[in-house]
Amino acid sequence: MKVLLWDIDGTLLNFGMAEKYAIRKCFSIFGIGECSDEMLGRYSAINRTYWERLERRELTREQVLHGRFEEFFAKEKIPFDKIREFNAEYQVRLGDKAFFHDDGYEVVKRLKGCVKQYAVTNGTSVAQERKLRLSGLDELLDGVFISESIGADKPSPVFFDAVWKTIGTYRPEDVAIIGDSLTSDMQGGNNAGILCWWYNPEHRKNDKGVRIDREIFDLHEVWELITNKVKGGTEE
């Protein structure tokens, strides 16, 4: 194994906790009131469907970023029309705090020098660059690829073509993508022809029919897997 492509939100970082913090912070900033756990759950479901529609190229990025909040506020019957301002603030607040999964920072740090490690993430440049910088991951990773900067989203082959253009080409068996999303990360890995390691701590079912080469239930398993192979002189 020579290259790991890390998804960020939902894999190295706990996006649910960051989302909860950012939404509630924005509610406070704009004086909207309280955002309950039930409201957050409904927003998360709306948000997820919008990003999945982007992955299928049914919506543009702008339609996702603003449409999700328009639908959310309409369904919650909250009279609020500053959608663009809310979204802009939300992007910033997503990077205020880093909530790691499974000692994600330490796992990446320990793997530094064993393999090349890159972030491959969908999202806005403002949010992703900020969270990577404040989390310290930007100093550990060998590079960062953000869909907004590339102009294409996972799982599009165009996204991965941009990765190969920068880091060079490797044998498919020498590259693994690690992520929690079947439709974004694993489908993207399928499209790119590389190894697909599904981060699945909740033991969900693969209901999308995508190829999974390995299930990862705890990020420490990645460290153990890579170092064992390095010590043993074997490759995936």
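Everything numeric here is computed off the predicted structure, so don't read it as measured data.

What counts, and at which threshold
- Residues numbered from 1 in each chain as written.
- Predicted model: local features only at pLDDT ≥ 70, side-chain atom pairs only at ≥ 80, totals over all residues.
- Heavy atoms only, no water.
- Phe/Tyr/Trp six-rings, centres within 6.5 Å; stacked < 30°, edge-to-face > 60°.
- Helix = DSSP H or I, 4+ residues; strand = E, 2+ residues; numbered from the N terminus.
- Buried < 20%, exposed > 50% of the residue type's maximum accessible area, 1.4 Å probe, protein only.
- Lys NZ or Arg CZ within 6 Å of the ring centre and 35° of its normal.
- Arc of directions from axis to C-beta.
- Contact = heavy atoms within 4.5 Å.
- Axes fitted to C-alpha atoms, helices over the stretch in contact; angles between N-to-C directions.
- Parallel < 35°, antiparallel > 145°, perpendicular 65-115°, else oblique.
- Left-handed = near helix turned anticlockwise from the far one by under 90°.
- Nonpolar A, V, L, I, M, F, W, Y, C, P; charged D, E, K, R; others polar.
- Pairing = 2+ DSSP bridges.

Visitor: When you look at the packing of aromatic side chains in this model, what are you seeing that I'm missing?
Guide: Remark: the centre distance and the inter-plane angle together describe each pair of aromatic rings, the angle taken between the planes. Under the counting rule described, the total for this entry stands at 18 aromatic pairs. Ring geometry for tyrosine 43 against phenylalanine 69: centres 5.2 Å apart, planes inclined by 5°, an arrangement best described as stacked. Of this pair, tyrosine 43 sits in helix H2 (residues 37–55) while phenylalanine 69 sits in helix H3 (residues 61–75); the two residues are 26 residues apart in sequence, bridging distant segments of the chain. What makes tyrosine 43 buried here is its relative accessible area of 0%. Residues tyrosine 43 and phenylalanine 72 carry aromatic rings whose centres are separated by 5.4 Å and whose planes lie at 70° to one another, so their mutual orientation is edge-to-face. Of this pair, tyrosine 43 sits in helix H2 while phenylalanine 72 sits in helix H3, placing them 29 residues apart in sequence. Taken as a pair, tyrosine 43 and phenylalanine 72 share a single burial class, namely buried. Taken together, the aromatic side chains of Phe27, Phe30, Tyr43, Phe69, Phe72, Phe73, Phe80, Phe86 and Tyr90 make up a single cluster linked through ring pairs. Just above the ring of tyrosine 50 sits the side chain of arginine 53; from NZ or CZ to the centre is 5.6 Å. Over the ring of tryptophan 197 we find arginine 214; its NZ or CZ atom is 6.0 Å from the centre of that ring.

Visitor: What is the right way to read helix H9 (residues 157–167) from this model?
Guide: Every buried residue belonging to H9 is among Phe159, Phe160, Val163, Trp164 and Ile167, and all of these are buried. Down the axis of H9, the smallest arc covering the buried residues is 135°, so these residues share one side. More than 90 degrees from the buried face of H9, the exposed residues found are Lys165 and Thr166. Of the surrounding secondary structure, the elements contacted by the buried residues of H9 are strand E1 (3–6), strand E2 (116–121), strand E3 (143–146), helix H8 (147–150), strand E4 (175–179) and helix H10 (182–192). Just past H9, the residue glycine 168 takes up positive phi, approximately 95°.

Visitor: Could you clarify how one ought to interpret the packing of H2 against H3 in this entry?
Guide: The axes of two packed helices give the description: the angle between them and the distance between them. Two elements in contact, H2 and H3, have axes separated by 9 Å at closest approach and are oriented at 150°. Comparing their axes, H3 and H2 come out roughly antiparallel. Considering how the two elements wind past one another, H2 and H3 form a crossing that is right-handed. Each of Met39, Tyr43, Ile46, Asn47, Tyr50, Trp51 and Leu54 in H2 lies in contact with H3, whose residues at this interface are Arg61, Gln63, Val64, Leu65, Gly67, Arg68, Phe69, Glu71, Phe72 and Lys75. Each residue belonging to the contact of H2 with H3 can be placed in one class, and the counts come to 10 nonpolar, 3 polar and 4 charged.

Visitor: Looking at this structure, how should I read the packing of helix H1 (residues 15–29) against H2?
Guide: Two elements in contact, H1 and H2, have axes whose closest approach is 11 Å; the angle formed by their N-to-C orientations is 115°. As judged from the angle between their axes, H1 and H2 are roughly perpendicular. Note that H1 runs across H2; the crossing there is right-handed. Within the contact between the two elements, H1 uses Phe15, Glu19, Lys20, Ile23, Arg24 and Phe27 and H2 uses Asp37, Met39, Leu40, Tyr43, Ser44 and Asn47. The residue makeup of the contact of H1 with H2, split by class, is 6 nonpolar, 2 polar and 4 charged.

Visitor: I tried to follow helix H4 (residues 83–93) on my own but got confused; where do I start?
Guide: The α-helix winds at 3.6 residues per turn, so residues separated by three or four positions along the chain end up facing the same way. All of the buried residues in H4 are Ile83, Phe86, Asn87, Glu89, Tyr90 and Gln91. Against the buried residues of H4 lie H1, H2, H3 and helix H6 (125–135).

Visitor: Help me understand the sheet that holds E1, please; the structure alone is not making it clear to me.
Guide: Remark on secondary structure: sheet strands pair via backbone hydrogen bonds, oriented parallel or antiparallel. Read across the open sheet, the 6 strands follow the order E3-E2-E1-E4-E5-E6; overall the sheet is parallel. In the strand order of this sheet, the two ends are held by E3 and strand E6 (214–216), each with one partner. On average, adjacent strands in this sheet sit at an angle of 25° to one another, irrespective of strand direction. Pairing between E4 and strand E5 (residues 195–199): 4 bridges, direction parallel.

Visitor: Which parts of the structure should I look at to understand the environment of threonine 11?
Guide: With respect to the helices and strands, threonine 11 occurs in the loop between E1 and H1. Threonine 11 sits in the buried class, given a relative accessible area of 0%. In this structure, the C-alpha to C-alpha distance between threonine 11 and asparagine 200, residues 189 residues apart in sequence, is 8.9 Å.

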